[in-house]
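# Tertiary structure, described
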Amino acid sequence: QCGTLDNACGIIACIHAIFNCPLVTLDPSTTLGAYKQRVETFTPTERKTALEQDTAFQQAHKKHAARGQTAAVNRDQNKVKHHFIAYVLNSEGELVELDGTKAGPVVIGKCNGDLLRGSIREVKGKLERGEISESLSMMTFNLANE
């Protein structure tokens, strides 16, 4: 998470999920596909900087965010009541939490390659420990059958 892209944690979580799914291919002529292709060899810090400076991404984000049902909080970030994180599998099949408010990826542990059940288990544990509020939403990405 960064000051340049305030209120973008939802799209950042989606980017994490999409970029970490080896089955997803992006058209390089799209904003997201071009960004991914450009930063594939970058470090995480370089990717963040590149995204902050990507005017095509910023314009697309603003355009689509304006379609939302709530007014965006632009000045007082303490009024932001929601936050988005992503759970992905790493190359060893471990569940990894990607949260822009943390210093880096957090490896949760083995989940037998089952991203959905592993994520549910982790979220239930966070709820039981009081680490997160019951006022939450979850979203999953799954490939469509063609």
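The structure this text deals with has already been given above.
Below is a short write-up of the structure. Source: prediction; values computed, not measured.

## Regarding the overall build of the protein chain
The secondary structure content of the protein chain amounts to five helices and three strands. Its helices and strands in sequence order give the protein chain the pattern α-α-α-α-β-β-β-α, from N to C terminus. Classification of the 146 residues of the protein chain by burial places 25% in the buried group. Considering only intrachain contacts with a sequence separation of at least 6, the fraction spanning at least 24 residues in the protein chain is 40%. Surface summary for the protein chain: the accessible area is close to 10,700 Å², and the carbon and sulfur share equals 52%.

## A few points about the sheet that holds strand 2 (residues 94–98)
Ordered in space as 1-2-3, the three strands form an open sheet in which the pairing is antiparallel. Every interior strand has two partners, whereas the edge strands, strand 1 (86–89) and strand 3 (106–110), have only one. Between one strand and the next, the sheet's axes are offset by a mean angle of 25°, whatever the strand orientation. The sheet contact formed by strand 2 and strand 3 spans four bridges and is antiparallel. Bridge assignment links glutamate 97 to a residue of strand 3, and that residue is valine 106.

## Section: the side chain of aspartate 54
Its location among the elements puts aspartate 54 in the loop between helix 3 (44–52) and helix 4 (55–65). Aspartate 54 sits in the buried class, given a relative accessible area of 9%. Side-chain polar atoms of aspartate 54 contact the side chain of arginine 38, separated by 2.9 Å. Other than its neighbours up to four places away in sequence, aspartate 54 contacts Tyr35 and Arg38.

## Some remarks on the pattern of salt bridges
This structure, assessed with the given rule, holds eight salt bridges. Linking glutamate 52 and lysine 48 is a salt bridge whose minimum nitrogen-to-oxygen distance equals 3.1 Å. Of this pair, glutamate 52 and lysine 48 are both found in helix 3, four residues apart, which corresponds to roughly one turn of the helix. Of the charged contacts in the structure, one is a salt bridge between lysine 126 and glutamate 131, with a shortest N-O distance of 3.6 Å.

## Some thoughts on the packing of aromatic side chains
Counting across every chain of the model gives one aromatic pair. Here phenylalanine 19 and tyrosine 35 contribute two aromatic rings whose centre-to-centre distance is 6.0 Å and whose plane-to-plane angle is 20°, an arrangement assigned as stacked. With phenylalanine 19 in helix 1 (residues 9–19) and tyrosine 35 in helix 2 (residues 31–39), this residue pair connects regions lying 16 residues apart in the sequence. One Lys or Arg, lysine 36, reaches over the ring of phenylalanine 19 and ends 5.4 Å from the middle of that ring.

## Remarks on helix 5 (residues 115–128)
The end-to-end C-alpha distance of helix 5 is 20 Å, a good match for the 20 Å that 14 residues give at a rise of 1.5 Å each. When we look at burial in helix 5, the residues that qualify are Gly118, Ser119, Glu122, Val123, Gly125 and Lys126. With its buried residues spanning 160° around the axis, helix 5 presents them on a single face. Within helix 5, the exposed residues directed more than 90 degrees away from the buried face are Arg117, Lys124 and Glu128. Considering only its buried residues, helix 5 is in contact with strand 1, strand 2 and strand 3. Phi turns positive one or two residues past the end of helix 5, at glycine 130, with a value near 75°.

## Quick look at a nonpolar patch on the surface
A cluster of nonpolar side chains, Leu116, Ile120, Leu127, Ile132, Leu136 and Met138, forms an exposed patch at the surface whose accessible area comes to about 450 Å². Considering the arrangement of structural elements, one finds isoleucine 120 in helix 5.

Procedures and definitions
- Residues numbered from 1 in each chain as written.
- Predicted model: local features only at pLDDT ≥ 70, side-chain atom pairs only at ≥ 80, totals over all residues.
- Heavy atoms only, no water.
- Helix = DSSP H or I, 4+ residues; strand = E, 2+ residues; numbered from the N terminus.
- Buried < 20%, exposed > 50% of the residue type's maximum accessible area, 1.4 Å probe, protein only.
- Contact = heavy atoms within 4.5 Å.
- Areas by Shrake-Rupley, 256 points an atom, 1.4 Å probe, with all protein chains shown as cover.
- Pairing = 2+ DSSP bridges.
- Axes fitted to C-alpha atoms, helices over the stretch in contact; angles between N-to-C directions.
- Polar contact = N/O pair within 3.5 Å; in protein donor to acceptor, adjacent residues only side chain to side chain.
- Salt bridge = Lys/Arg side-chain N within 4 Å of Asp/Glu carboxyl O.
- Phe/Tyr/Trp six-rings, centres within 6.5 Å; stacked < 30°, edge-to-face > 60°.
- Lys NZ or Arg CZ within 6 Å of the ring centre and 35° of its normal.
- Expected span 1.5 Å × (residues − 1).
- Arc of directions from axis to C-beta.
- Patch = residues over 30% accessible without salt bridge, like charges linked within 9 Å, V, L, I, M, F, W, Y side chains within 5 Å.

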